[in-house]
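Okay, here's what each chain looks like letter by letter:
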Amino acid sequence: MDQSELEEIERDYVRWYPARITAMNPETAWARPTMGLYAHIPYCAHRCHFCKYKVKVGDDLHDEMDVFLDALENEIRTVRERGQVAGRPLDVIFIGGGTPSLLATRQLDRLLTVITSSFELTDDCEFSMEWSPASLSGEKLRLFRAAGGNRLSIGVQSFNDAVLKEIGRDHTAAEAREALRLAHEAGFDNINLDLIYRLPGQNVEDVRRSVRDALACDPAHISFYPLWIREQTVLWSRLQKGELEIPGEDVEQEMFEAAREIFEENGYEHYNVFDFVRRTTPRCRYTELQWEDGEWVGVGPSAVTYLDGRHTINAYSIGDYIEQARTNGAATTAGSVLDLPARMRRTMMFGLRMNPFDTDRFRRQYGVDVDTVFGPELTALTENGLVVRDGRLLRLSAEGIRKVNNIGKLFYTAPDDRQSLGLSRRGLPIVEVDR
């Protein structure tokens, strides 16, 4: 192919796919793209009654945590050298769990040091960590801030002590308020507060009180989730025995609408199905990274990585993870490569969680209108009152938000169009799993 033929093809590309062409300068054109990092810490002091996550609980886990951190450090040192990762700066870091704040101060210092010494961080990197009021301390907060941490996510769940006891939380409302006070005192302005509604014993007025109590603590961001009852949890078992009741779907929707009204009256924007942010504060970049086709590396047990259109998943068992990461520097046990149709479906599954989902983004990514690919699905969602259309913008209705997980499955198909990554160490095909 000679130069003139190549130039003709390039001109045709610009004419056919104008939505994909953007202005670039030499600095941006040749810079390594940024990515995110998620680190999973799988330890908790005890298990909440609604929790089914793969975590280990106990009063004194620090000796095992040291062994775990050996494995995690080895994985991080290995991951940073991989071709898809090497040289790429981080603009998002999220340390989750489990309960990362359960780490002893020296262990938290070790974790933060290995992350910040292994990767380049952008000047505006969003550096978040999850905290429990029961294990949050001023010393740990100052350590996190000194390492570059600039965003906290504190699991409060409710400001009603009776409800907190019912769901097995190990803190009181007063301790939650003190945790928020310490966070502000340590200089953190970008603070997320987790609340759960549709809890046992809750009514609409109790939700209103919890929301107002939360706002009185001046968080920048609130994640507001309905309670999901999962099998083999304490709440599931008690529900089966008739020992407790949770509010019905109509009350759940009323709770959400009551809370949303209070958030909006107080200057908070509803930008994701479960997230509200103060209008003067940037949205959570980690949330947008996940729901808007960003790329990230996941380290730790059960952590997911999404790079170059492929998902990989680490070992779920903490013991298996430690063994593999310490020995091999990697603990991947499952994964898949997504072809173009699968990537489009993934964009819809996750994108509809944003409020709103801008269909222009779909066109810019794939060079085709969303209705050309998913017209029947979107028509069905609109006709059933689950999605509201406003020009190029799509928003889930209140009913759509309640059914968001089922709506996502509308765009999910069997793995016929996915490429296996090979065989696991147990000889089983490594493909994406739907969990």
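All values derive from a computational prediction rather than experimental measurement. (Residues numbered from 1 in each chain as written. Predicted model: local features only at pLDDT ≥ 70, side-chain atom pairs only at ≥ 80, totals over all residues. Heavy atoms only, no water.)

J.: Summarise the packing of aromatic side chains; cite the residues concerned and give the values.
T.: Enumeration over the complete set of coordinates arrives at 22 aromatic pairs. Ring geometry for Phe94 and Tyr286: centres 4.5 Å apart, planes at 15 degrees, overall stacked. Of the two residues, Phe94 sits in strand E4 (residues 90-97) while Tyr286 sits in helix H11 (residues 285-291), which places them 192 residues apart along the sequence. Its relative accessible area of 7% is what places Phe94 among the buried residues. Between Phe256 and Phe276, the ring centres sit 6.4 Å apart and the planes meet at 45 degrees, which makes this aromatic pair tilted. Taken as a pair, Phe256 in helix H10 (residues 249-265) and Phe276 in strand E10 (residues 275-278) lie far apart in primary sequence, 20 residues in all. The class of Phe276 is buried, set by a relative accessible area of 0%. Through a chain of ring-to-ring contacts, three or more aromatic side chains come together here, namely Tyr197, Phe224, Phe256, Phe263, Tyr268 and Phe276. (Phe/Tyr/Trp six-rings, centres within 6.5 Å; stacked < 30°, edge-to-face > 60°. Helix = DSSP H or I, 4+ residues; strand = E, 2+ residues; numbered from the N terminus. Buried < 20%, exposed > 50% of the residue type's maximum accessible area, 1.4 Å probe, protein only.)

J.: Report on the pattern of salt bridges, specifying residues and quantitative values.
T.: Applying the stated criterion across every chain, the model contains 31 salt bridges. We note a salt bridge from Glu243 to Arg238, for which the minimum N-O separation is 3.4 Å. Judged by relative accessible area, which is 21%, Arg238 ranks as partly exposed. Here Asp371 ties to Arg389 by a salt bridge, and the two come within 2.9 Å at their closest N and O atoms. Of the two residues, Asp371 sits in helix H15 (residues 370-383) while Arg389 sits in strand E16 (residues 387-390), which places them 18 residues apart along the sequence. Under the relative-accessibility criterion, Asp371 is labelled partly exposed at 36%. For Arg389, a relative accessible area of 33% gives the class partly exposed. A single network of salt bridges, built from pairs that share partners, joins Asp358, Asp360, Arg363, Asp369 and Arg392. (Salt bridge = Lys/Arg side-chain N within 4 Å of Asp/Glu carboxyl O.)

J.: Quick one: what's the story with the packing of helix H13 (residues 340-351) against helix H14 (residues 359-366), residue by residue and with numbers?
T.: Closest axis-to-axis distance for the H13/H14 pair is 11 Å, and the angle between their directions is 160 degrees. Between H13 and H14, the angle falls in the class roughly antiparallel. Crossing geometry of H13 relative to H14 is assigned as right-handed. Where H13 approaches H14, its residues Leu340, Arg343, Met344, Thr347, Met348 and Gly351 are matched on the opposing element by Arg361, Phe362, Gln365 and Tyr366. Across the contact of H13 with H14, the residue classes tally to 5 nonpolar, 3 polar and 2 charged. (Axes fitted to C-alpha atoms, helices over the stretch in contact; angles between N-to-C directions. Parallel < 35°, antiparallel > 145°, perpendicular 65-115°, else oblique. Left-handed = near helix turned anticlockwise from the far one by under 90°. Contact = heavy atoms within 4.5 Å. Nonpolar A, V, L, I, M, F, W, Y, C, P; charged D, E, K, R; others polar.)

J.: A description of the sheet that holds E16 should follow, citing residues and the corresponding values.
T.: Read from one edge to the other, the open sheet built from 3 strands follows the order E15-E17-E16, with strand pairing classed as antiparallel. Two strands in the sheet have a free side with no partner beyond their single neighbour: strand E15 (357-358) and E16. With 4 bridges joining them, E16 and strand E17 (residues 393-396) adopt antiparallel strand pairing. The partner of Asp390 across the bridge, within E17, is Leu393. (Pairing = 2+ DSSP bridges.)

J.: Give me the lowdown on the packing of helix H3 (residues 62-79) against helix H4 (residues 105-118), citing residues and values where you can.
T.: At a minimum axis separation of 11 Å, H3 and H4 run at an interaxial angle of 0 degrees. Put simply, H3 runs roughly parallel to H4. Between H3 and H4, the contacting residues are His62, Met65, Asp66, Leu69, Asp70, Leu72, Glu73, Ile76 and Arg77 on the first element and Arg106, Gln107, Arg110, Leu111, Val114, Ile115, Ser117 and Ser118 on the second. Of the residues in the contact of H3 with H4, the class split is 7 nonpolar, 4 polar and 6 charged.

In short, shape yes, function no, at least from these values alone.
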